[in-house]
Amino acid sequence: MSAGPDQPAGRHGEPGAGPGQPADRHAGLSSAELTESGGLRDLALSRGEVDRSTARRSDAGWLEAAWASADTRVVVVEDGQALIRFADGEAKAELSFVAPSHAPDGVRFLLGIDADEVVYFGVAGPLPRPDAEAGPADPGSGTRPISLRQAGPLLSDRDAGLMTEAVALANWHDTHTHCPRDGAVTEPVLAGHARRCVNDGSEHFPRLDPAVIMLVTDPDDRCLLARNAMWPQRRVSILAGFVEPGESAEQAVAREVQEETGIAVGGARYVGSQPWPMPHSLMLGFRARATGSLEITVDSDEIAEARWFSRDELRACIASGEIRLPPPVSIAHRIIESWYGSDLDGAW
Ligand SMILES: [Zn+2]
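Enquirer: Help me understand the overall build of the chain, please; the structure alone is not making it clear to me.
Expert: Of the regular secondary structure elements, the chain holds 7 helices and 17 strands. When the accessible surface of the chain is summed, it comes to about 15800 Å², and 48% of that surface belongs to carbon and sulfur atoms.

Written out as structure tokens, the structure reads:
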């Protein structure tokens, strides 16, 4: 599978030039802080300030009381979008919550509890009507539906984490309405974090598609960038692909690079991860080194072109407009920056 911004190609993945049971979230810590080595900077969707409160998911009395509280906040998600309120033009963006009494009908799931004991739920259902706060004097302000890909970088840590979790769960519920064993209807259980078959009682948990995304370097520390066959001219990224059943992430790194470019790699080193719930990927970032020939042979089904870039060449090609990098919301962008050594412009 090939180059996506962060999805392995063919499955609507993140912009990697490839394919484009959950742990507790540590409230208040970014992925970089959670990683001993420091990890990648500014992963927009790897943030969060809300405790997922997994122990509450089976506490029916507590859930009922939380839903009845006027202090509880609900994020409504429809087709991967949530309502975002903009102020000061677009300088300030925040999730537009509704009270439980104003939430639409739809699958409900517990998102978590913040440090002030405010409870957050998500609902997969029709978005509330945007209000009309914006006037002609303040274009861009007001409330409107925005996708996670667009909203992620604009939101606070709390809101980015809430929206990422809500979109991921809503996408899963949308596509897992029936039991894979007997085709019967399934119903949400565990506060929307699992579904149970009404016929055989089997429980089904949210599915993730792990994908690897890797920056490959040669002995001169040039990096390998590729254009996915489905992308327009000038768009490039690092390689990516889905992990196959029975395969380790490191094995997937080596296999995907070999398949897509003919380059043999070793020394795969994990550098960080980002959820990419469009619709249900987890992007696992790696660095790897070319170990043999540097001659590139692209798999033309997935990769249109690929080449090695020194830092100077990359800077020059971005400046001239010859290439464009994945957007900053993608882990691909952050991995390329971590190799380059500073911020990079020229994103698509
Ligand atoms: Zn069943």
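Enquirer: Mind showing me how you'd approach the environment of K92 here?
Expert: Mapped onto the fold, K92 is located in strand β5 (residues 92–95). C-alpha of K92 to C-alpha of S141: the two residues are 49 residues apart in sequence and 8.8 Å apart in space. Ignoring sequence-local partners within four residues, the contact set of K92 consists of R85, F86 and A87.

Enquirer: Would you mind showing me how to read the packing of aromatic side chains here?
Expert: A ring pair, where both rings are aromatic, is described by two values, the distance of the centres and the angle of the planes. Using the criterion set out here, one finds 5 aromatic pairs in the structure. Ring geometry for F97 and Y120: centres 5.5 Å apart, planes at 55°, overall tilted. With F97 in the loop between β5 and β6 (107–113) and Y120 in strand β7 (residues 119–124), this residue pair connects regions lying 23 residues apart in the sequence. Each member of the pair F97 and Y120 is classed as buried. Summarising the aromatic geometry, the rings of W339 and Y340 are spaced 6.4 Å apart at their centres and angled 55° between planes, so their arrangement reads as tilted.

Enquirer: Help me understand the sheet that holds strand β3 (residues 73–77), please; the structure alone is not making it clear to me.
Expert: To summarise the sheet geometry, strands pair through backbone hydrogen bonds and adopt either a parallel or an antiparallel arrangement. Here we have 3 strands laid out as an open sheet, ordered β3-β7-β6, and mixed in their pairing. With partners counted over all chains shown, the strands left at the sheet margins are β3 and β6, one partner each. Sheet twist, expressed as the mean angle between neighbouring strand axes with direction ignored, is 25°. Inspection of the sheet shows β3 paired to β7 by 5 bridges, in the parallel sense.

Enquirer: Before we go on, may I ask you to explain the pattern of salt bridges in this structure?
Expert: Opposite charge on two side chains allows them to pair when their charged atoms are near. Throughout the structure, instances matching the rule amount to 21 salt bridges. D157 is the salt-bridge partner of R47, the closest N and O atoms lying 2.8 Å from each other. Of this pair, R47 sits in the loop between α1 (31–34) and α2 (60–68) while D157 is found in helix α4 (residues 157–175), placing the two residues 110 residues apart along the sequence. In this structure R47 comes out as buried when scored by relative accessible area, which is 15%. Taking relative accessible area as the criterion, D157 reaches 34% and is therefore assigned partly exposed.

Enquirer: I'm lost on the coordination of the zinc ion in this one. Help?
Expert: The textbook angles at a metal center are 109.5 degrees for a tetrahedron of four donors and 90 or 180 degrees for an octahedron of six. Looking at the metal site, the zinc ion is ligated by C179 (SG), D182 (OD), D182 (OD), C197 (SG), D200 (OD) and D200 (OD), spaced 2.2 to 2.8 Å from it. Geometry at the zinc ion is irregular, judged from the 6 donor atoms that bind it and their angles of 47 to 158° at the metal. Summarised as a motif, the one-chain spacing of the donors to the zinc ion is C-x2-D-x14-C-x2-D. Here D182 is found in the loop between α4 and β9 (186–189), whereas its partner D200 is found in the loop between β10 (194–197) and β11 (203–204), with 18 residues between them in sequence.

What counts as what
Residues numbered from 1 in each chain as written. Predicted model: local features only at pLDDT ≥ 70, side-chain atom pairs only at ≥ 80, totals over all residues. Heavy atoms only, no water. Helix = DSSP H or I, 4+ residues; strand = E, 2+ residues; numbered from the N terminus. Areas by Shrake-Rupley, 256 points an atom, 1.4 Å probe, with all protein chains shown as cover. Contact = heavy atoms within 4.5 Å. Phe/Tyr/Trp six-rings, centres within 6.5 Å; stacked < 30°, edge-to-face > 60°. Buried < 20%, exposed > 50% of the residue type's maximum accessible area, 1.4 Å probe, protein only. Pairing = 2+ DSSP bridges. Axes fitted to C-alpha atoms, helices over the stretch in contact; angles between N-to-C directions. Salt bridge = Lys/Arg side-chain N within 4 Å of Asp/Glu carboxyl O. Donors = N, O, S within 2.8 Å, 3.2 Å for Na, K, Ca; no water. Tetrahedral: all angles 85-135°; square planar, octahedral: opposite > 155°, others 65-115°.

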